[in-house]
Amino acid sequence: LLAPSVPGPLAGRHVLVTSGPTHEPIDPVRYIANRSSGKQGHAIAAAAAKAGARVTLVSGPVNLPDPVGVTVHHVETARQMQAAVDGALPADAAIFAAAVADWRVASEAGEKMKKDGGALPALALTENPDILAGVAQRTEGRPRLVVGFAAETQNVVAYATAKRARKGCDWIVANDVSAQSGIEGGVMGGDRNAVHLISAEGVEPWPVASKTQVAERLVARIAAFLGSETS
Ligand code: CTP
Ligand code: CA
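Cut-offs applied
Residues numbered from 1 in each chain as written. Chains lettered and ligands numbered in written order. Predicted model: local features only at pLDDT ≥ 70, side-chain atom pairs only at ≥ 80, totals over all residues. Heavy atoms only, no water. Helix = DSSP H or I, 4+ residues; strand = E, 2+ residues; numbered from the N terminus. Buried < 20%, exposed > 50% of the residue type's maximum accessible area, 1.4 Å probe, protein only. Polar contact = N/O pair within 3.5 Å; in protein donor to acceptor, adjacent residues only side chain to side chain. Contact = heavy atoms within 4.5 Å. Core = buried A, V, L, I, M, F, W, Y, C linked by side-chain atoms within 4.5 Å. 1 Å grid on protein atoms, 1.4 Å probe; cavity = no way out; pocket = protein on both sides within 12 Å on 5 of 7 lines; lining within 4 Å. Points joined across faces, edges and corners; volume = space filled by probe spheres on them. Nonpolar A, V, L, I, M, F, W, Y, C, P; charged D, E, K, R; others polar. Pairing = 2+ DSSP bridges. Axes fitted to C-alpha atoms, helices over the stretch in contact; angles between N-to-C directions. UniProt positions renumbered as here; feature names shortened; annotations may be inferred.

(A) Focus on the side chain of threonine 77. Mapped onto the secondary structure, threonine 77 falls in the loop between strand 5 (71–74) and helix 2 (78–88). Judged by relative accessible area, threonine 77 falls into the buried class, the value being 12%. In terms of polar contacts, threonine 77 uses its side chain to reach the backbone amide nitrogen of glutamine 80, at 3.1 Å. Excluding its chain neighbours within four sequence positions, the residues that come into contact with threonine 77 are Thr22, His23, Glu24 and Pro25.

Below, the structure is given as structure tokens:
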């Protein structure tokens, strides 16, 4: 049975998006997490669906409704996010907007840790898998377009350019999440964003806009890229 297809520049395409933070449990009541509202990633998923794509959104814990017309997989940890991403492939384009926790505790406590006993607990950490790099460096089943995000508080363009090369993705959407970003109230949790699009062609500064507008602009670029290549 064919899914009803929505007309638009991404009709017939499958777009995969990650969004939100991940939560890495320390014990049954505590976790390590990144700051992320999920607003930008969810806006990208919604914009891609509006453009006619079949969209799979893999989301960490957020306080946002599921975007209309999007298949959503809800996950908590980085490893669950990676499994859901792998399970959702193949895709024509994959956009990694999630703020994945870089580390998890090496061994999660089965019971709540108690503070009585004197000595402070030491958390032994281990690194989480890099979901974006894993997909970008696939030799088989790599999406034609792999897009990462880089939230930086300093040297935004230089760090993001290095990140693009290191991860092997096609584009990086870089944003300044410092208090000096010039965006009132800040980027994190807010509704506006100022980004640079970094590709093999160079660095393109985009004007400050709502997260919805940034999503629509990115989706238009994705459609132009996929449309200009033969499948
Ligand atoms: N990312 C990912 N899996 C991870 C870490 C990051 O998929 N374990 C993705 C993010 O979704 C984002 C990009 O990689 O698209 C960059 O994330 P970022 O945290 O900026 O990069 P890191 O390589 O973790 O570097 P940093 O030390 O700056 O945190
Ligand atoms: Ca990181």
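(B) Focus on the nonpolar core. Formed by 34 residues in total, the largest nonpolar core has its most connected members in Leu10, Val17, Ile44, Val55, Ile95, Leu218 and Ile222. Considering each element in turn, this core owes the most residues, seven residues, to helix 5 (residues 211–227). For valine 17, the residues in contact, after removing those within four places along its chain, are Gly41, Ile44, Ala45, Val55, Thr56, Leu57, Val58 and Ile95. Ala84, Ala94, Phe96 and Leu132 belong to the second largest nonpolar core, which has 24 residues in total.

(C) Summary view of the layout of surface pockets. In this structure, the largest pocket occupies an estimated 950 Å³ of space. Contributing to the lining of the largest pocket are 39 residues, with Ala98, Ala99, Val100, Phe149 and Ala151 lying nearest its centre. Going through the elements one at a time, strand 1 (14–19), helix 1 (39–50), helix 3 (131–136), strand 9 (145–152) and helix 4 (156–167) are the ones with two or more residues in the lining of the largest pocket. Per-class residue counts for the lining of the largest pocket are 16 nonpolar, 14 polar and nine charged.

(D) Just the sheet that holds strand 1, in detail. Spatially, 5-4-1-6-9-10-12-13 is the arrangement adopted by the eight strands of the open sheet, whose pairing is mixed. Strand pairing shows two members of the sheet lacking a second neighbour, strand 5 and strand 13 (202–205), which therefore form its edges. Neighbour to neighbour, the strand axes of the sheet diverge by 15° on average, direction disregarded. Looking at chain direction, strand 10 (residues 171–176) and strand 12 (residues 195–199) are connected through four bridges and run antiparallel. Across the sheet, residue isoleucine 172 finds its bridge partner in strand 12, namely isoleucine 198. Each of strand 1, strand 4 (54–59), strand 5 and strand 6 (93–96) touches helix 2; the most contacted strand, strand 1, lies at about 175° to it.

(E) Focus on the UniProt feature "binding site: CTP" (unreviewed entry) in the protein. UniProt's feature table lists "binding site: CTP" (unreviewed entry) at Asp102, Lys112, Pro129, Asp130, Ile131, Leu132, Phe149, Lys163 and Lys167, given in the numbering used throughout. In sequence the annotated residues extend across 66 residues, and in space they extend as well, their farthest C-alpha pair lying 37.3 Å apart. In the annotated set above, the residues contributing to the lining of the largest pocket are Asp102, Pro129, Asp130, Ile131, Leu132, Phe149, Lys163 and Lys167. Within the secondary structure layout, aspartate 130 lies in the loop between strand 8 (125–127) and helix 3. Side-chain polar atoms of aspartate 130 contact the backbone nitrogen of alanine 133, separated by 2.9 Å. Tracing the backbone through its elements, the reader meets lysine 163 in helix 4. Leave out the neighbours within four places in its chain, and lysine 163 touches Ala150, Glu152 and Ile172.

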